[in-house]
Amino acid sequence: MKYIQGTTEFLVQEDTAVTLGKFDGVHRGHQKLIQRIQDLKKNGLNSVVFTMNPGKKTLLLTEEEQKEILTRQGVDYVVRCPFIPQISHMKPEEFIDQILIRQLHAKQIVVGPDFRFGYQRQGDCRLLEQLQGRYGYRLVVEKKEYRGEREISSTYIKEALCAGDIELTNELLGYPFPIIGEVKHGRRIGRTLGIPTMNLIPSEEKMLPPNGVYISKTVIDEKTYPGITNIGVKPTVGGTSFRGAETYLFDFEQDLYGKRIEIQLCRYVRPEKKFCSLEELKERMKIDISVGKGYFDE
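Keep in mind that what you see is a predicted model, and the values were worked out from it rather than measured.

Colleague: Explain the pattern of salt bridges here, please?
Modeller: Two side chains that carry opposite charge are able to pair once their charged atoms sit near each other. As enumerated under the stated definition, the model contains 22 salt bridges in all. A salt bridge links Glu-68 to Arg-260, with the shortest nitrogen-to-oxygen separation between them at 3.5 Å. With Glu-68 in helix H2 (residues 63-73) and Arg-260 in strand S14 (residues 260-271), the pair connects residues that are 192 residues apart, well separated along the chain. Judged by relative accessible area, which is 22%, Glu-68 ranks as partly exposed. For the salt bridge of Arg-150 with Glu-159, the shortest nitrogen-to-oxygen distance reads 2.9 Å. The class of Glu-159 is partly exposed, set by a relative accessible area of 41%. Connected through shared salt-bridge partners, Glu-64, Glu-68, Arg-72, Arg-260 and Glu-262 make up one network.

Next up, the structure:
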């Protein structure tokens, strides 16, 4: 996959099938659009995901995580365009002409029914349909993806995540909720308890579930290991000013400091709690580990 970001001077030479949107969760609805442009490869078209850089706000996926998930989708190009006046002030037809046709060489455009674009969101599917003949592309409007009667959306997923319903979150995403980053040095208290843990410090814009213990899987060098993860501030050992992810892997001995890993949350176990002593914390962690192992044994 070729990843293009931070510039408006991108250019794709090949004929392409393009899908556009925020792709802030790369959830099942987004995957439906991506699958359609992948299907068009049989027509000799390269697949392109075009998304705008949303800037600093609460995100289901960080930029690094979004890139990783899109890589797994197998697309040929991801264009992460900066949302600057040069782009945001384009009239809709100018956007079609300059971005979609001249720079992305689009022959097929795939969007959802509520897709809007151009200055003050003046462009829509109707305009894209009307201008097909003029610019030589074909438009595909994909229906929304639903769970029951509710549309799958980033808003729905954020509601589930905020409620700590990881299993629903994962169902809506179509993959386990990820936390990707570099293992940082902690206070090594887990090691003194005989339960060594590794620490990630997610970026500030990364949305996290409620503080607590979760059953998790961790991907290291393309291998997956079972474990448990605490999301929170570690109140028993003095607390921190930030929310982190602290993971214990079952029967795992390697030193991972400085390693890039991916934690995948599977199920909520209990809320984070301040224990009266390290010994009490250790006993509770043993119970959590037992619950986690039981989950994977199932």
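Colleague: Any chance you could explain the environment of Tyr-77 here in plain terms?
Modeller: Along the chain, Tyr-77 falls in strand S4 (residues 77-82). Judged by relative accessible area, Tyr-77 falls into the buried class, the value being 10%. Here the alpha-carbon distance between Tyr-77 and Ser-154, two residues 77 residues apart in the chain, equals 23 Å. Here Tyr-77 is in contact with Met-1, Lys-2, Ile-4, Val-12, Glu-14, Asn-46, Ser-47, Val-48 and Val-49, once residues within four sequence places are set aside.

Colleague: Help me understand the environment of Leu-61 in this model?
Modeller: Note on placement: Leu-61 falls in the loop between strand S3 (46-53) and H2. The exposure class assigned to Leu-61 is buried, which follows from its relative accessible area of 5%. For Leu-61 and Ile-180, which are 119 residues apart along the polypeptide, the C-alpha to C-alpha distance reads 9.2 Å. Once you skip the residues sitting within four places of it in the chain, Leu-61 turns out to touch Asp-24, Gly-25, Val-26, Gln-66, Ile-69, Tyr-175, Pro-178 and Lys-206.

Parameters and conventions
- Residues numbered from 1 in each chain as written.
- Predicted model: local features only at pLDDT ≥ 70, side-chain atom pairs only at ≥ 80, totals over all residues.
- Heavy atoms only, no water.
- Salt bridge = Lys/Arg side-chain N within 4 Å of Asp/Glu carboxyl O.
- Helix = DSSP H or I, 4+ residues; strand = E, 2+ residues; numbered from the N terminus.
- Buried < 20%, exposed > 50% of the residue type's maximum accessible area, 1.4 Å probe, protein only.
- Contact = heavy atoms within 4.5 Å.

Take it as geometry only, folks, not as evidence of what the structure does.
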